[in-house]
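Observations on the three-dimensional arrangement
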Amino acid sequence: DQQVKQNSPSLSVQEGRISILNCDYTNSMFDYFLWYKKYPAEGPTFLISISSIKDKNEDGRFTVFLNKSAKHLSLHIVPSQPGDSAVYFCAASGSTASKLTFGTGTRLQVTL
Amino acid sequence: DTAVSQTPKYLVTQMGNDKSIKCEQNLGHDTMYWYKQDSKKFLKIMFSYNNKELIINETVPNRFSPKSPDKAHLNLHINSLELGDSAVYFCASGVGGTGDEKLFFGSGTQLSVL
């Protein structure tokens, strides 16, 4: 049962443009949503998170939007840079950090 | 200094063997985890330990036995390895707080069972 879904396995964006990565979830009990970024041969690194009581959180070039009624969140990267090329995992959590449920990831390629 | 380090990075072994993966964190965190990324790229939690105590065991076969000698270490021992155990295993640590806390992951151990 896949509770967190990332339906786009890959995305290619030109440098300087906006990258939009999408994520859907099925469990309405999730309290937090997180994005992790992963480079090859490295572990995932935390990028940004949002609480279920908010609809937007921004950190520099990264903004996460949450639409609870649609059970959908998205990560916007503006402007995209070549160093942003990585796999992005959406994850969801309950009230404690005891268990993160991950999506399957979207590979972002930022081209020159 | 690497915050979460796991060894070995690659592990190739025959079916039926027993192997261990070690993990250490120098962040002073109370909680450590093992995650498994299978061939379909799902990252799934296997175990969670808080201060050496098992908190989560996600229906992992009992061939997998985590061991936490102290809160900075969480090792994973796997008995009687099977082909289906081939995956990348990630260790992680965190303070064990609210659900939005960031976890720190090791760089992974790619296990190949032949």
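Look a little higher up for the structure.
The text that follows walks through the structure, step by step, so that each part is easy to find. As the structure is a prediction and not an experimental result, all values here were calculated from the model.

1. A look at the interface of chain B and chain A
Interface size is commonly expressed as the accessible area that is lost once the parts come together. Taken together, the contacts link 23 residues of chain B with 23 residues of chain A. Where chain B abuts chain A, roughly 1800 Å² becomes buried across the two surfaces, and 64% of that area is made up of carbon and sulfur atoms. Across the chain B-chain A interface, the total number found is one salt bridge. For Glu-58 of chain B, the salt bridge is made with Lys-99 of chain A, and the minimal N-O distance between the two is 3.3 Å. At the junction of chain B and chain A, the tally comes to five residue pairs in polar contact (both at pLDDT 80 or more). Secondary structure elements with two or more residues in the side of chain B that touches chain A: β4 (31–37) and β5 (43–50) of chain B. A per-class count over the side of chain B that touches chain A returns nine nonpolar, seven polar and seven charged.

2. Quick word on the pattern of salt bridges
Side-chain pairs of opposite charge can arise where the charged atoms are in close proximity. Summed over all chains, the structure comprises six salt bridges over all chains. We note a salt bridge from Arg-61 of chain A to Asp-84 of chain A, for which the minimum N-O separation is 2.8 Å. Separated by 23 residues along the polypeptide, Arg-61 of chain A in the loop between β6 (56–59) and β7 (62–67) and Asp-84 of chain A in the loop between β8 (72–77) and β9 (86–93) bring together distant segments of the chain. Judged by its relative accessible area of 22%, Arg-61 of chain A is partly exposed. Using a relative accessible area of 2% as the deciding quantity, one classes Asp-84 of chain A as buried. We note a salt bridge from Asp-30 of chain B to Lys-71 of chain B, for which the minimum N-O separation is 2.7 Å. One end of the pair, Asp-30 of chain B, is in the loop between β3 (19–25) and β4; the other, Lys-71 of chain B, is in the loop between β7 (64–70) and β8 (73–78), and 41 residues separate them in sequence.

Each value, and the rule that gives it
Residues numbered from 1 in each chain as written. Chains lettered and ligands numbered in written order. Predicted model: local features only at pLDDT ≥ 70, side-chain atom pairs only at ≥ 80, totals over all residues. Heavy atoms only, no water. Contact = heavy atoms within 4.5 Å. Buried area = accessible area lost by both parts, 1.4 Å probe. Salt bridge = Lys/Arg side-chain N within 4 Å of Asp/Glu carboxyl O. Polar contact = N/O pair within 3.5 Å; in protein donor to acceptor, adjacent residues only side chain to side chain. Helix = DSSP H or I, 4+ residues; strand = E, 2+ residues; numbered from the N terminus. Nonpolar A, V, L, I, M, F, W, Y, C, P; charged D, E, K, R; others polar. Buried < 20%, exposed > 50% of the residue type's maximum accessible area, 1.4 Å probe, protein only.

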